[in-house]
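# Reading the structure
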Amino acid sequence: MELDLEYRQGTLFVRPRGEVDLSVADAFRDVLEENLAKNPVNHLVFNLSKVTFIDSSGLGVILGRYKRLKQQGGRVSLVGALPQVRRILVLSGLLTVMNEYASEEEALARAG
Amino acid sequence: MELDLEYRQGTLFVRPRGEVDLSVADAFRDVLEENLAKNPVNHLVFNLSKVTFIDSSGLGVILGRYKRLKQQGGRVSLVGALPQVRRILVLSGLLTVMNEYASEEEALARAG
Amino acid sequence: MDNQAKLEFKSLAANVAFARVTVAAFASQLDFTLNDLEEIKVAVSEAVANAVIHGYDNQPDGIITIIMTIREGTLELKVIDYGRGIANVKKALEPSFSTDPERMGLGFVFMQSFMDNLHVESTPGKGTVVTMNKSVSLSGPKEQVEH
Amino acid sequence: MDNQAKLEFKSLAANVAFARVTVAAFASQLDFTLNDLEEIKVAVSEAVANAVIHGYDNQPDGIITIIMTIREGTLELKVIDYGRGIANVKKALEPSFSTDPERMGLGFVFMQSFMDNLHVESTPGKGTVVTMNKSVSLSGPKEQVEH
Ligand SMILES: Nc1ncnc2c1ncn2[C@@H]1O[C@H](COP(=O)(O)OP(=O)(O)O)[C@@H](O)[C@H]1O
Ligand SMILES: Nc1ncnc2c1ncn2[C@@H]1O[C@H](COP(=O)(O)OP(=O)(O)O)[C@@H](O)[C@H]1O
């Protein structure tokens, strides 16, 4: 997995690339926690369009950050999941608690 | 491996696709022998542009057909090998006995 | 053509990806759709991650074994560890149940959803054997049915 | 990080592709270039094909074992069969030498060219162990040097 992060006015864009499984889960979580501690974030946007594989270890990192932001009154959006990743999101129930958008722009505009 | 064959005026075009290894060598050889028996072939053109992997079992099929055609006064041309396949052709010495062309057209025009 | 292979490797997180690629390469000897192969990869990933985290408590010196069998168009997988074992298998299989607060408790749910069968045998202190099956669907490519 | 895995499978021609994909997936834990991985695939393909054809005379019931080890940036592969064995290893290693008129006698040449080291141990009637090593080149991506 490679990771690109961008912070812009209260929104943290997270753009992982490649495979998100157990071997990267700890590092992924740590980087996110570090960034959430550093900046005031009320909206976390996971752009999953470059994620080719995810399993429950990877989803756990997303869910954990969701729980944290929800406590603080923030929100989490998911963007651009490919079909195989999207099936996992559906099956896990993550899509019932987080909103899904086609693009980062849409996530910004519609997540109010 | 998938295989496409075309016979045109004494030339047999052979277009394998995919991986050419031990698991397909026998079938590959049999199809070629069958076609060489059916039609008068003086020029055999292997278009390797869609071959993603080849090993000595695969090369053996090409070399065997070369020996056969040479006995009959025919010729064998190799076309479009990708870099990894080309290195194997070089290392095997096949390129020292067979001609290599950039396209089927060039093989037809220049192999005379 | 029936076939069998056995893979043994150390309980390292880096081997989760190795295991799923290996099993997918073996499975591709059957006429699975790309979608089926993706599902098999998730199931393997979950079973191997469980062996690493739960079975061996993230210690790298455990051995994980996968036995892959192709028999009459069906892939059978056995993912075996010789670690801690599961005291209450029934409980462990429940959705959202996890002994680790950081985890989702969805590993077995995914294995069950993505394979045709799941069977878990475990002896506390001895280890765990997860057996999963998946058949090639005879009704043509699955994607066309499901989407 | 040091790592080790062992793969065992039946002597079927279909498993040649399975073996090379598995070894490449394991090798990709090191920083090999794509070109290196292609070379490793050819070497594995040759060693496994030899075990199938020569070691087991194309009988599908033989067992082939590959032991893969990563140690200090080096990949070591052992391809083992319990088949016919080689009476004269020195002769077998000669370029163009083959006991099968249909084959090219280039298997060992390719293994030698594409790996850093090749070592063959064989006992007639007992089997053959082919050991090969390849290190990650420290001088940056090999492609840039060679092409
Ligand atoms: N190989 C194993 N060894 C020991 N315990 C296991 C193993 N696999 C699963 N378990 C137990 O079963 C529980 C549920 O597993 P699972 O559904 O995969 O969820 P998760 O991995 O998210 O906890 C785990 O929390 C663990 O207690
Ligand atoms: N695993 C093996 N078991 C028995 N004999 C072998 C084995 N590997 C190689 N040989 C012998 O060594 C010879 C040379 O092998 P190689 O260079 O791979 O060429 P080829 O496979 O084209 O014959 C073979 O023809 C065979 O006699």
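Residues numbered from 1 in each chain as written. Chains lettered and ligands numbered in written order. Predicted model: local features only at pLDDT ≥ 70, side-chain atom pairs only at ≥ 80, totals over all residues. Heavy atoms only, no water.

### Here's the deal with the interface of chain A and chain C
Tallying the contact residues gives 21 residues for chain A and 24 residues for chain C. For the pair chain A and chain C, the two sides together bury roughly 1,800 Å², of which 62% comes from carbon and sulfur. If you look at where chain A meets chain C, you find 4 salt bridges. Our count for the chain A to chain C interface comes out at 8 residue pairs in polar contact (both at pLDDT 80 or more). When contributions to the side of chain A that touches chain C are tallied by element, the ones reaching two or more residues are α1 (22-38), β4 (51-54), α2 (56-71) and α3 (83-92) of chain A. Broken down by element, the side of chain A that touches chain C gets its largest block of residues, 6 residues, from α2(A). Partitioning the side of chain A that touches chain C into residue classes produces 8 nonpolar, 7 polar and 6 charged. (Contact = heavy atoms within 4.5 Å. Buried area = accessible area lost by both parts, 1.4 Å probe. Salt bridge = Lys/Arg side-chain N within 4 Å of Asp/Glu carboxyl O. Polar contact = N/O pair within 3.5 Å; in protein donor to acceptor, adjacent residues only side chain to side chain. Helix = DSSP H or I, 4+ residues; strand = E, 2+ residues; numbered from the N terminus. Nonpolar A, V, L, I, M, F, W, Y, C, P; charged D, E, K, R; others polar.)

### Examining the site of ligand 2
Residue and element names in this part refer to chain D. Taken together, 18 residues surround ligand 2, and among them Asn50, His54, Ser98, Thr99 and Gly105 come closest. Contact distances for ligand 2 include 2.6 Å between an oxygen atom and a side-chain N or O atom of Thr99. The separation between an oxygen atom of ligand 2 and a polar main-chain atom of Gly105 is 2.8 Å. Burial of ligand 2 by the protein chains amounts to 97% of its free accessible area of 530 Å². Taken together, the elements giving at least two residues each to the shell around ligand 2 come down to α2 (34-55) and α4 (107-114). Tallying contributions element by element places α2 first for the shell around ligand 2, with 4 residues. (Near = heavy atom within 4 Å. Areas by Shrake-Rupley, 256 points an atom, 1.4 Å probe, with all protein chains shown as cover.)

### Focus: the packing of α2(D) against α4(D)
Residue and element names in this part refer to chain D. Interaxial distance between α2 and α4 falls to 9 Å at its minimum, and their mutual angle equals 150°. Classified by the interaxial angle, the pair formed by α2 and α4 is roughly antiparallel. Considering how the two elements wind past one another, α2 and α4 form a crossing that is left-handed. In this structure, α2 uses Glu39, Val42, Ala43, Glu46, Ala47 and Asn50 to contact α4, whose residues at the interface are Gly107, Phe108, Phe110, Met111 and Phe114. The residue inventory of the contact of α2 with α4, partitioned by class, reads 7 nonpolar, 2 polar and 2 charged. (Axes fitted to C-alpha atoms, helices over the stretch in contact; angles between N-to-C directions. Parallel < 35°, antiparallel > 145°, perpendicular 65-115°, else oblique. Left-handed = near helix turned anticlockwise from the far one by under 90°.)

### Some remarks on the site of ligand 1
Residues and elements named next belong to chain C. Lining the immediate environment of ligand 1, one finds 18 residues, of which Asn50, His54, Ser98, Thr99 and Gly105 sit closest. The contact in question runs from an oxygen atom of ligand 1 to an N or O atom on the side chain of Asn50, over 2.7 Å. Within the backbone of Gly107, one N or O atom sits 3.3 Å away from an oxygen atom of ligand 1. Contributions of two or more residues to the shell around ligand 1 are made by α2 (34-55) and α4 (107-114). Among the elements that make up the shell around ligand 1, the one with the highest residue count is α2 (4 residues). By residue class, the composition of the shell around ligand 1 is 7 nonpolar, 9 polar and 2 charged.

### Description of the pairing of strand β1 (residues 2-8) of chain B
Residues and elements named next belong to chain B. Note: β1 against strand β2 (residues 11-20), 7 bridges, orientation antiparallel. Bridged to Leu3 within β2 is Pro16. Counted between consecutive antiparallel strands, the loop separating β1 from β2 contains 2 residues, among which Gln9 sits at a positive phi close to 45°. (Pairing = 2+ DSSP bridges.)

### Quick look at the arrangement of the chains
Regarding chain B and chain C, which are not in contact, the minimum distance between any of their C-alpha atoms is 12 Å. With no contact formed, the shortest span from any C-alpha in chain A to any C-alpha in chain D equals 12 Å.

### Section: the side chain of Lys134(D)
Mapped onto the elements of the fold, Lys134(D) is located in strand β5 (residues 127-135). Here Glu39(D) takes part through its side chain, which lies 2.8 Å from a polar atom of the side chain of Lys134(D).

### So, the interface of chain B and chain D
Each partner contributes to the interface: chain B provides 21 residues, whereas chain D provides 24 residues. Contact with chain D buries surface across chain B, with Leu22(B), Ser56(B) and Arg87(B) losing the most and accounting together for 33% of the total. Inspection of the region where chain B meets chain D yields 4 salt bridges. Taken together, the connections running from chain B to chain D amount to 8 residue pairs in polar contact (both at pLDDT 80 or more). For the side of chain B that touches chain D, the secondary-structure elements that each account for two or more residues are α1 (22-38), β4 (51-54), α2 (56-71) and α3 (83-92) of chain B. Ranked by the residues each element gives to the side of chain B that touches chain D, the list is headed by α2(B), at 6 residues. Counted by class, the side of chain B that touches chain D contains 8 nonpolar, 7 polar and 6 charged residues.

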